[in-house]
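Notes for the structure review
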Amino acid sequence: MATSSDGALVQVVGLKKYFPITQGIVFQRKIADVKAVDGLDFSIQRGETLGLVGESGCGKSTTGRTVLQLYSPTAGQVVFQGKDLTKLHGEDLRKMRRNMQMIFQDPYASLNPRMTVGDIIGEPLEVHNIAKGKEKKERVQELLSIVGLNPYFVNRYPHEFSGGQRQRIGVARALAVNPAFIVCDEPISALDVSIQAQIINLLEELQEKFHLTYLFIAHDLSVVRHISDRIAVMYLGKIVELTDRNALYANPLHPYTKALLSAVPIPDPIIEEKRERIILVGDVPSPVNPPSGCRFHTRCPLAIDICKRVDPEFRDVGNNHWVACHVV
Amino acid sequence: MATLLEVKDLKTEFRTQDGVVHAVNGVSFTVDEGETLGLVGESGCGKSVSVLSVMRLIPHPPGKITNGQVLFQGRDLLQVDDEEIRSVRGNKIAMVFQDPMTSLNPVLTIGTQIGEALELHLGMTKEQARKRSVELLKMVGIPEAEGRLDDYPHQFSGGMRQRVMIAMALSCSPQLLIADEPTTALDVTIQAQIVDIVKRLKTELGMAIIWITHDLGVIAGLADRINVMYAGFVIETAPVKEIFGNPLHPYTLGLLTSIPRLDAAMKSKLTPIEGLPPDLIEMPKGCPFYNRCTFRTDQCANENPALELGAVRHSVACWNWQDVLKKRAAYLSGRA
């Protein structure tokens, strides 16, 4: 068990998601697996924002989708509001979806261009038999004003909106069913700098207003630090460090976290002049054939012999600061 | 330092079905020898179009450079014939593009692609070009360079491809390197590698760089001077420490207060810039930032402030910059 489970809204145990690689046309044989997510343990407390950071291909989006059962996990449990989602199917699972929603990365691809804004936001209301007809329209208009859009926009189409406005529509759609838990998958990375702050502030306001719990996935460490209460750092399908955000930034323990933090540029030329960077050599290895032992050993500046052979245990080193490293 | 490139009152527009898009609206700037100039702004602000205009790489039609001069070593690049501009492109001025996945030719080997410019501009033989290519790949930190010369782009990762692009750009020892968002498509640890290489090569080769980005963090550690662009105008220009320490345009100030910083005080609230950039087809009469500006006055609605270039190192296109100076502390107090 990774973290204490009291008051946890979401409890993830040993979560794995492998995507098979097949060969052959008629008789498809499985020749390997892409180990996108390979054994995660974490929990998210009620009202908390858990940030999930890592580089592209580290499995953070797959984690978000597997937690919501948009992908069925290869192994592991996802306990949400006391129920193991991985055991639920069909109608039971569909009913649970009312309580957990997702905000997607690309506001251009995640809204149906042939549906009006009213239909997009109203669809979850109908699917879950929450509201119909006039009641639905009123609720959609209410949602539009909650996310800072004009309620008279209901009959417009997505192409009439800018990226930031579209992302607001995506947020309104997620809020429509009054969920307890929202997975935000890189909700601001497709937006311009001046618009990003608008969406971050909106997400923070909504969290306070509706007591939402977020799993916030992003590659931008500055943004994650700003919005999260606790942060998990992922590398090649595993969490390498998990702690509250102050501890992570003030006292990072895992060498990967240290390198990642030192690589983030700070918009201040005077600080930048003095900063020492840890520059990692090479690229992230392939998740099809991850390195033996600790997955980071091929790029780790501190790697010792044991790192090549034994996969380090993900353990609590005090104050709920979890880290998977032999050297720490 | 002598001036290497001088752009004067450059205007570029695109004719589209919806009307004329005014992408660049009278941009002037200079780049000194060995200097790194940062062009900062959001998408659609005209930063890429202005440097593509400098290289005369604007597709025509629909694009057209309607006004201005681009003086490179005393010659106006907008006036010279095609033959001559070709001898400048990739030779004296080289460019690195944003997306390393699409800017390499997938059906040619890396060696062929780097060698092409060497044979064309420097008149090298195939053998000489090959030898030089290996040197270049080593310079940008590609391991086992000899063996990788015959590999195709798909055999390289994103960061490696961007290194190949840089090697290719540096092949003819350009005096000016234009880098258009070269690290935007890369992860932060790879971005740090690339920035590190560019910094090292800049000191080694002594070239000037125009670095285009929307990321204020990257440019803070890299540039000597910064031009902030908005809606096709340069709205503020100053040495890098001035821009970050003493921002005078409300937009520059807004950019700095709207991004979360890794070293910020805890639980500081972000101050977003409300609203959206103007439509470049129907440009507003006054200041393009008018509808989003918290310092606006009636004058701003009707008259567009000009950027006064001249002896001053720090120049700003705003009627109310003194007001910004007075009230700025309150905006900046939100962070560190």
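Quick word on the interface of chain A and chain B
Taken residue by residue, the interface counts 44 residues in chain A and 40 residues in chain B. For the pair chain A and chain B, the summed buried surface comes to about 3800 Å²; carbon and sulfur atoms form 59% of the total. Counting the surface chain A buries against chain B, the share from its top three residues, A:Val193, A:Arg225 and A:Pro267, is 17%. At the boundary of chain A with chain B, the tally comes to 2 salt bridges. As a salt-bridge pair, A:Asp268 and B:Arg261 come within 3.7 Å of each other at their nearest N and O atoms. At the junction of chain A and chain B, the tally comes to 12 residue pairs in polar contact (both at pLDDT 80 or more).

Some remarks on the pattern of salt bridges
On inspection of all chains with the given rule, the structure shows 31 salt bridges over all chains. A salt bridge links A:Lys60 to A:Glu186; the nearest nitrogen and oxygen atoms lie 3.7 Å apart. One end of the pair, A:Lys60, is in helix H1 (residues 60–67); the other, A:Glu186, is in the loop between strand S7 (181–185) and helix H6 (193–210), with 126 residues separating them in the sequence. No difference in accessibility class separates A:Lys60 from A:Glu186, as the two residues are buried. A salt bridge links B:Arg15 to B:Glu13; the nearest nitrogen and oxygen atoms lie 3.3 Å apart. By relative accessible area, which is 15% here, B:Glu13 ends up buried. Residues joined in a network through salt bridges with shared partners are A:Asp268, B:Arg261 and B:Asp263.

Remarks on the confidence of the model for chain A
Confidence in the prediction for chain A averages 91 pLDDT; 98% of positions are at 70 or higher. Note that pLDDT drops below 50 for residues 1–5 of chain A; the model gives that stretch 18 contacts with residues more than four away or on any other chain.

Reading guide: rules and limits
- Residues numbered from 1 in each chain as written.
- Chains lettered and ligands numbered in written order.
- Predicted model: local features only at pLDDT ≥ 70, side-chain atom pairs only at ≥ 80, totals over all residues.
- Heavy atoms only, no water.
- Contact = heavy atoms within 4.5 Å.
- Buried area = accessible area lost by both parts, 1.4 Å probe.
- Salt bridge = Lys/Arg side-chain N within 4 Å of Asp/Glu carboxyl O.
- Polar contact = N/O pair within 3.5 Å; in protein donor to acceptor, adjacent residues only side chain to side chain.
- Helix = DSSP H or I, 4+ residues; strand = E, 2+ residues; numbered from the N terminus.
- Buried < 20%, exposed > 50% of the residue type's maximum accessible area, 1.4 Å probe, protein only.
- pLDDT = per-residue confidence, 0-100.

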